[in-house]
Amino acid sequence: MAFRTKFKHSGGVKDPSTFSHSGFHVGTVSSPSSNGLFNYSVNTVSQSSPPSVLAGTGYSSLKRRVPLCKVDHGSVTDWLAAMKDSSPPRTRSSRVDADDMEYNNWMESYPSALKNFEKVLEAAHGKRIFVFLDYDGTLSPIVENPESAFMSEEMRAAVKEIASLFPTAIITGRSREKVYEFVQLPELYYAGSHGMDIMGPAEGCGGHKIQGTRVLNDEGNEIVMFQPASEYTAVMDEIFKLLEEKASKVNGAKVEHNKFCVSVHFRRVNEEDWLHLAEHVQQVLRSYPNLCLTQGRKVLEVRPLILWNKGKALDYLLKAFGFGNRSDVFPIYIGDDLTDEDAFKSVARRKHGLAILVSNVVKDTNATCSLRDPSEVLEFLRSLVKWKRRCLSRHLFVGSQNILHKRAGVGLNQPLT
Ligand SMILES: O=P(O)(O)OC[C@H]1O[C@H](O[C@H]2O[C@H](CO)[C@@H](O)[C@H](O)[C@H]2O)[C@H](O)[C@@H](O)[C@@H]1O
């Protein structure tokens, strides 16, 4: 079985840059980070007509590529079909049948990161590992009510241990504050709103204190590291209200304010009402040419039309850690959703790294390997912790042996007799 830690796809998936950006003017706006740590530029996409591509999301590279921002009936039905594809019914067993040929064939191309753990270690050997984790569907199982997407205590403990050994960040579509309520680990870095709200790392900004999702300066004031869509705050509040009003007319619909994006949930809406709800969303969006729609697991998300996504957030964080262009960096990104594809691509662009898709069904992806569900994610994280601890204790042992050797006046490589 071929195990690739570096992305090399044989077909089906294309680089998003190869897709048409026609009708757009892509400009560069310098958007300094508010703590002046370093400047980073954000591409904005100004549209002369309704956009025909997604703003820097992974969807554009997937087989069933749907121009979500385009407002016509055909595209709406395509989104809904794609949405069903991306989140299969929960009645399906979470353990995929051993004889599920399709899945097993797929696993040939996207091998299990657990079953191939030794190969992961080989690939990471001598490199600096950074861990990036998506939240929903990765650290917590998908549930009906987004407010109840709790992570287990075991998962929290594993993530805590991971963060004590490797720089670790959560990159999520949720608001930074919301995901922190779930995760409750102050030692992590958090990028909320699909990477549009990044806080930390504290060391990177001069040893400031980290408190929950907040980084504080010496005066105790909060430092916001990077919010590339900060000028959209008011418009997102406005769109949230409008969408809430529309959604209140559809049974089961729920609208969630994720600060720089707004999610419209379909999970508890009868399928026969999906089209109706999607049309409401489209209708609201018509008056906001600077916003666009993306799709996730039974969710449509309204976000600013800027070229910023989870992949850019990963790049940003690595740079903030001081490892932006280092060839010995080994990012591990684990995610389950379409929005994670941008981060998978970002890992693929690097010399080393591992992009892991969490899925128990066949999906087209830019990841290089897979895990079935959050319980396998937990196992993978625990394996990583175990391995790192073994390495550290081996180093400690070798270090103490060397001290003994020195004290005994023998050369470092000579055995103590
Ligand atoms: O980037 P993520 O951390 O994966 O967040 C993406 C969205 O996740 C949440 O919605 C998804 O999970 C819910 C709880 O399991 C589920 O009910 C919903 O159907 C899924 O789409 C979250 O509620 C969204 O705001 C996030 O954008």
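Whatever comes next refers back to the structure up there.
Please read all numbers here as calculations on a predicted model, not as lab measurements.

Here's the deal with the site of the ligand
Surrounding the ligand, one finds 24 residues, the nearest of these being Y135, D136, P146, T172 and G173. Contributing elements (two or more residues each) for the shell around the ligand: β11 (262-265) and β13 (299-304). Along the lines of polarity and charge, the residues of the shell around the ligand split into 6 nonpolar, 8 polar and 10 charged.

Structural notes on the pairing of β11
Here β11 shows no split at all, with V262 and V264 on one side and S263 and H265 on the other all buried. Counting the residues in the hairpin turn of strand β10 (residues 254-257) and β11 gives 4 residues, including K259, whose phi is positive at 70°. Pairing analysis gives 4 bridges linking β11 to β13, with the strands arranged antiparallel. When the bridges of β13 are listed, S263 appears paired with E301.

A word on the pairing of strand β12 (residues 291-296)
Burial analysis of β12 places 6 of its 6 residues in the buried class, the great majority of the element. Looking at chain direction, β12 and β13 are connected through 6 bridges and run antiparallel. Each residue of the ladder has a partner; that of L293, found in β13, is V302. Joining the antiparallel neighbours β12 and β13 is a turn of 2 residues, in which K298 adopts a positive phi near 50°.

Things to note about the nonpolar core
With 56 residues, the main nonpolar core has F132, A169, I170, Y190, L317, Y333 and I356 as its most contacted residues. Sorting elements by how many residues they give to this core places helix α8 (residues 310-320) first, with 6 residues. The contact partners of F132, leaving out residues within four places of it in the chain, are A169, I171, L314, P331, I332, Y333 and A343. In terms of nonpolar packing, the next biggest core, distinct from the first, is built from 34 residues, A229, M236, V255 and I306 among them.

Some details on the sheet that holds β12
Sheet architecture is open: 4 strands sit in the order β10-β11-β13-β12, paired in antiparallel fashion. Single-partner strands in this sheet number two, and they are β10 and β12. Across the sheet, the mean angle separating the axes of adjacent strands is 20° when strand polarity is ignored.

Rules of the game
Residues numbered from 1 in each chain as written. Predicted model: local features only at pLDDT ≥ 70, side-chain atom pairs only at ≥ 80, totals over all residues. Near = placed C-beta within 6 Å. Helix = DSSP H or I, 4+ residues; strand = E, 2+ residues; numbered from the N terminus. Nonpolar A, V, L, I, M, F, W, Y, C, P; charged D, E, K, R; others polar. Buried ≥ 20, exposed ≤ 12 C-beta atoms within 10 Å, placed from the backbone. Pairing = 2+ DSSP bridges. Core = buried A, V, L, I, M, F, W, Y, C linked by C-beta atoms within 7 Å. Contact = placed C-beta atoms within 7 Å. Axes fitted to C-alpha atoms, helices over the stretch in contact; angles between N-to-C directions.

Any link to function would need more than the numbers given here.
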